[in-house]
Structures are given as structure tokens and as C-alpha cells.
Amino acid sequence: MTIGQFLGKQFIAVIEWNEPDNGILTYRYPMRNQEIENGGQLTVSESQMAAFVNEGKIADVFGPGLHTLNTRNLPLLTDLMNWDKAFESPFKSEVYFFSTRLQIDQKWGTATPITIRDKEFGAVRLRCYGIYSYHISDPRIFFNQVSGTRDSYLAADLEGQLRDTIVGSMTDIFANSDLSFLDMAANHSVLGDKIAEQTKPAFAALGLELNQFVVQNISLPEELQKVFDQRIGMNMVGDLGRYTLYSAAESLDLSAVNTSGAAGMGMGLGAGAAVAQVLSNALKPAMTTPGAIPSQQPMPAPVLIGASAESVSAASEGTKFCIECGKPIAQRAKFCAECGKPQ
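Residues numbered from 1 in each chain as written. Predicted model: local features only at pLDDT ≥ 70, side-chain atom pairs only at ≥ 80, totals over all residues. Heavy atoms only, no water.

A. Representation of the overall build of the chain within the structure. Scanning the chain for helices and strands turns up 10 helices and 14 strands. Counting every position in the chain, which comprises 343 residues, the buried fraction comes to 32%. Of the contacts formed within the chain by residues at least 6 apart in sequence, a portion of 63% connects residues at least 24 apart. Split by element, the accessible area of the chain, about 20,400 Å² in all, is 54% carbon and sulfur. (Helix = DSSP H or I, 4+ residues; strand = E, 2+ residues; numbered from the N terminus. Buried < 20%, exposed > 50% of the residue type's maximum accessible area, 1.4 Å probe, protein only. Contact = heavy atoms within 4.5 Å. Areas by Shrake-Rupley, 256 points an atom, 1.4 Å probe, with all protein chains shown as cover.)

Spelled out as C-alpha cells, the structure:
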């Protein structure tokens, strides 16, 4: 290097970094073939740490504050470069800044339902999602294990790895847990604490600290949720037989209202109301006395709204009706006395 080239070089006297945007985890200070002035100033903000790297190997790490760069403050780099302790010349080294502030509102969730064994429902597929926050706690580990010598490393680059780590821990907890799906769904905070406790070592291995972990929802896939809702409904009903009778009575009442035609409406209403009344009576508990066997209550004869008095009277006497004209005839009659139609 000639004297002119040496004098023409630019020396960096102040090194600092202001984060321009969210989500930047590491940033390499642009050297552009420049050298750092011995005795220069390094400014590290409260939410940052800085590291000096030589030939891809991390050396000295600085926390928040204003630091003067010399051989006393760069002992590891001095040893790596075999500098004399009284070294006063400019030097070249890569400087990396690490953002140590919280990376908040990070999303996690199961991309596909995971299958677990539930003590109440057997095999169950679950969906689960929530949020978490973390920060860089050890720049050395993070540099060696994650970011390396890239110009910058973003939280988005790490998102998939962290999400899969969380889901893996969650699956292990579900597999070894005695809690049922209902218990887990009702205790999000307890479940979140367990997942966070098991996940923290995996974060620490990357130079990160997991600060907050929240389970926002545990649910079943849509098709399983419908079956689950039906089961809840069955448990609420209790006696399936009584529920079936009640449903039948309700449906008969509705079908009577929907019968077409004025005459048909009258007969339909009568038949629907009568059968509904019979089923309703069947739902009532039999009246018993202490020590007595419940007796079978006789079924009341249905009263058909809209039917003639003659038809009602014939029904009460055990007669039948002509299939042609509808007139009452004797039970054993083979021909209708009114229209002569064979029966």
C-alpha cells in the first residue's frame, strides 16, 4: 500500500446503528473496505448489543453504552489478530449489531390438526394457536447457530423454525398429559405455562429467551366439532326415549299446521293435535302410590278437530268408515249401505 492510498483511505471514527424498522434481529455495519480508527467510538443503544467479528469468528461483545475502541477494550480481537498491547493503528473488523428488544405479537399455530389420545373421547384431532414474544439473549450463540455473516437477519427468517419448535413441544405435552380436551380448552393459561416451560431450552439453544407465551384457542376441526356438539346435546337431553317422543310430538304439531287445503288443514290439525296430545301424555310420569306398581294409564281417544259428530260417534262405537263415501258402516259389513261399494 502506497502512502497516497493510505492517506486516501477513510477511517471510521463513530460506529452506531439506529433500527430503521421492526423485525431486524442482526445488522452488519457497512465497512466498504474502510478501517476503524483506533480510539474510535462505538455507541450501543439500550435495546442492542454489538459484536466484533474477525474472519467469521466472533470476538468481543459490547452491551449498551458508549465504548472507546482500543486494545484494552478489544482484548479477544487483539489476541486473535496478534496485536501488540500498545497497538495504535487503524484496524479492520466486521461489526454486527443485535437487536435485543422484544419481538412481540409473534404468531404460532398448528398448520394441520394434530391427533392426540383423549381419555374421554379416544383419538381426537386438535387445532391450537396463540402468540408469543422473545428476544436475543446471547449474541454469540445466535451468531454461531442462526444468523452467521449475513448482512441482516430478520424475525421473519426465524418464524418457521420457532413455530415448528413450539408445535413439537405442544405435541409432546398433549401426548403425555392426563388432561382431557375439555380440561385443556378450559385452562389455556396452565397449558400455555407448560408449553413455555418445555420450549424455553430449545430457544436458549439458539441464543434466544422466550418471554411470553399465550394459548389463545384450542378447537376441533369443523367436522369433528359438529359431532362434539351433538354429543353435548345428547348429554343435556339425558333420556333419549323421552326426547324422541317429545321431538315426534313437536314435528306432528308442525306438520299439521303445514297441511294444504282447508278441509285437509282441519283434519290434519285434528290428527296432529290428537297424536301430539297422546305422546305428551306418555311423557308424563305415571301416578303411583307408595309400594304400589305403576299402572298403565289408558290412552285417551283422539278428538279430530273438524270431523263430524257422526264420525266421532261412530269411532266411539267401534264402527268403520266406507272407503268410497266415508259414511260409517258396521264393523263386519262387506258392502256400504249408502253407496254399495265393496269393503
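And the narrative resumes.
B. How the structure looks around helix α6 (residues 188-204). In a regular helix each residue adds 1.5 Å, so 17 residues correspond to 24 Å; α6 covers 24 Å between its end C-alpha atoms and thus fits that length. Residue Gln198 marks the point of greatest curvature in α6, where the axis turns by about 30°; the proline Pro201 follows within four residues. All of the buried residues in α6 are Leu191, Gly192, Ile195, Ala196, Thr199 and Phe203. Looking at the buried residues of α6, the elements they touch are β10 (122-136), α4 (155-175), α5 (181-186) and β12 (208-219). (Expected span 1.5 Å × (residues − 1). Bend = angle between axes of the 7 residues up to and from the residue.)

C. The packing of aromatic side chains, seen in detail. Throughout the structure, instances matching the rule amount to 10 aromatic pairs. Ring geometry for Tyr96 and Phe143: centres 5.3 Å apart, planes at 65°, overall edge-to-face. Here Phe143 lies in helix α3 (residues 139-147) and Tyr96 lies in strand β7 (residues 94-99), a separation of 47 residues in the sequence. The residues Tyr96 and Phe143 share a single accessibility class, namely buried. Aromatic pair Tyr132 and Phe203: ring centres 6.2 Å apart, planes at 90°, arrangement edge-to-face. Of this pair, Tyr132 sits in strand β10 while Phe203 sits in helix α6, placing them 71 residues apart in sequence. A relative accessible area of 0% places Phe203 in the buried class. Aromatic rings pair up to connect Trp17, Tyr27 and Phe97 into one cluster. (Phe/Tyr/Trp six-rings, centres within 6.5 Å; stacked < 30°, edge-to-face > 60°.)

D. Representation of the nonpolar core within the structure. In terms of nonpolar packing, the biggest core is built from 40 residues, with Leu126, Tyr132, Tyr134, Phe142, Leu158, Leu208 and Phe213 touching the most fellow members. Take this core: its biggest share by element is eight residues, from α4. Counting 21 residues, the second-largest nonpolar core is a separate cluster that includes Leu42, Ala59, Leu77 and Phe97. (Core = buried A, V, L, I, M, F, W, Y, C linked by side-chain atoms within 4.5 Å.)

E. Spotlight on the environment of Leu220. Position of Leu220 among the secondary structure elements: in the loop between β12 and α7 (222-237). For Leu220, a relative accessible area of 10% corresponds to the buried category. Separated by 96 residues in sequence, Leu220 and Val124 place their C-alpha atoms 8.0 Å apart.

F. Representation of the sheet that holds strand β1 (residues 11-15) within the structure. If you trace the three strands from one edge of the open sheet to the other, you get β1-β3-β6, paired in mixed fashion. In the strand order of this sheet, the two ends are held by β1 and β6 (65-68), each with one partner. Here the strands of the sheet are splayed against their neighbours by 15° on average, with no regard to which way each runs. Looking at chain direction, β1 and strand β3 (residues 35-44) are connected through four bridges and run parallel. Bridge pairing links Val14 to Gln41 in β3. (Pairing = 2+ DSSP bridges. Axes fitted to C-alpha atoms, helices over the stretch in contact; angles between N-to-C directions.)

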